[in-house]
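# Structural characterization, general
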Amino acid sequence: YAMLLKYAWQNDYCFPGQERLAKDMGGGVRSIVRYVQELESVGFVRIVRRGLGKPNIYELNLKLKVKKGVA
């Protein structure tokens, strides 16, 4: 999430490619896919898939709502 925030600067979205994220984080593309999916599943990120070799757009949820009963 911190790396996506770094790319977003003052916006609430960014669009780095998975290869770029992997290189900057020192990991593999498969790990990046898993990390981003985890962020999406908990509501930190919404992924807008563009296809045709274009990078996804990652919309960052900067204001999370906490569900009742979840600590």
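These notes cover the structure that comes with them. (Residues numbered from 1 in each chain as written. Predicted model: local features only at pLDDT ≥ 70, side-chain atom pairs only at ≥ 80, totals over all residues. Heavy atoms only, no water.)

### Details of the overall build of the protein chain
- What the protein chain contains, in helices and strands, is 3 helices and 3 strands.
- Put simply, the protein chain runs from its N terminus to its C terminus through helices and strands in the order α-β-α-α-β-β.
- For the protein chain, the spread of C-alpha atoms along the three principal axes comes to 40 × 25 × 20 Å.
- Across the 71 residues that make up the protein chain, the buried fraction comes to 21%.
- Taking all contacts inside the protein chain whose residues are at least 6 apart in sequence as the whole, residues at least 24 apart take part in 41%.
- In the structure as shown, the protein chain presents an accessible area of about 5600 Å², 55% of it carried by carbon and sulfur atoms.
- Averaged over its 13 positive side-chain charges, the protein chain has a centre that lies 3 Å from the centre of its 6 negative ones. (Helix = DSSP H or I, 4+ residues; strand = E, 2+ residues; numbered from the N terminus. Buried < 20%, exposed > 50% of the residue type's maximum accessible area, 1.4 Å probe, protein only. Contact = heavy atoms within 4.5 Å. Areas by Shrake-Rupley, 256 points an atom, 1.4 Å probe, with all protein chains shown as cover. Lys, Arg positive; Asp, Glu negative; His and termini not counted. Charge placed at Lys NZ, Arg CZ, Asp CG, Glu CD.)

### So, the packing of aromatic side chains
- In the structure shown here, the tally under the stated rule is 1 aromatic pair.
- Positioned above the aromatic ring of F15 is the side chain of R50, whose terminal nitrogen or guanidinium carbon lies 5.9 Å from the ring centre. (Phe/Tyr/Trp six-rings, centres within 6.5 Å; stacked < 30°, edge-to-face > 60°. Lys NZ or Arg CZ within 6 Å of the ring centre and 35° of its normal.)

### Description of the pattern of salt bridges
- One pass over the structure, following the stated rule, counts 2 salt bridges.
- We note a salt bridge from D24 to R20, for which the minimum N-O separation is 3.1 Å. Here D24 and its partner R20 are both found in helix α2 (residues 18-25), 4 residues apart, which amounts to about one turn of the helix.
- When its relative accessible area of 34% is taken as the criterion, D24 is described as partly exposed.
- For R20, a relative accessible area of 41% corresponds to the partly exposed category. (Salt bridge = Lys/Arg side-chain N within 4 Å of Asp/Glu carboxyl O.)

### Looking at unusual backbone geometry
- Although it is not a glycine, W9 sits at a positive phi angle of roughly 55 degrees.
- One can find W9 in the loop between α1 (2-8) and β1 (13-14).
- Notably, L52 is not glycine yet its phi reads approximately 50 degrees, a positive angle.
- Inspection of the secondary structure assignment puts L52 in the loop between β2 (45-48) and β3 (57-60).

Purely geometric stuff here, so don't read any function into it on its own.
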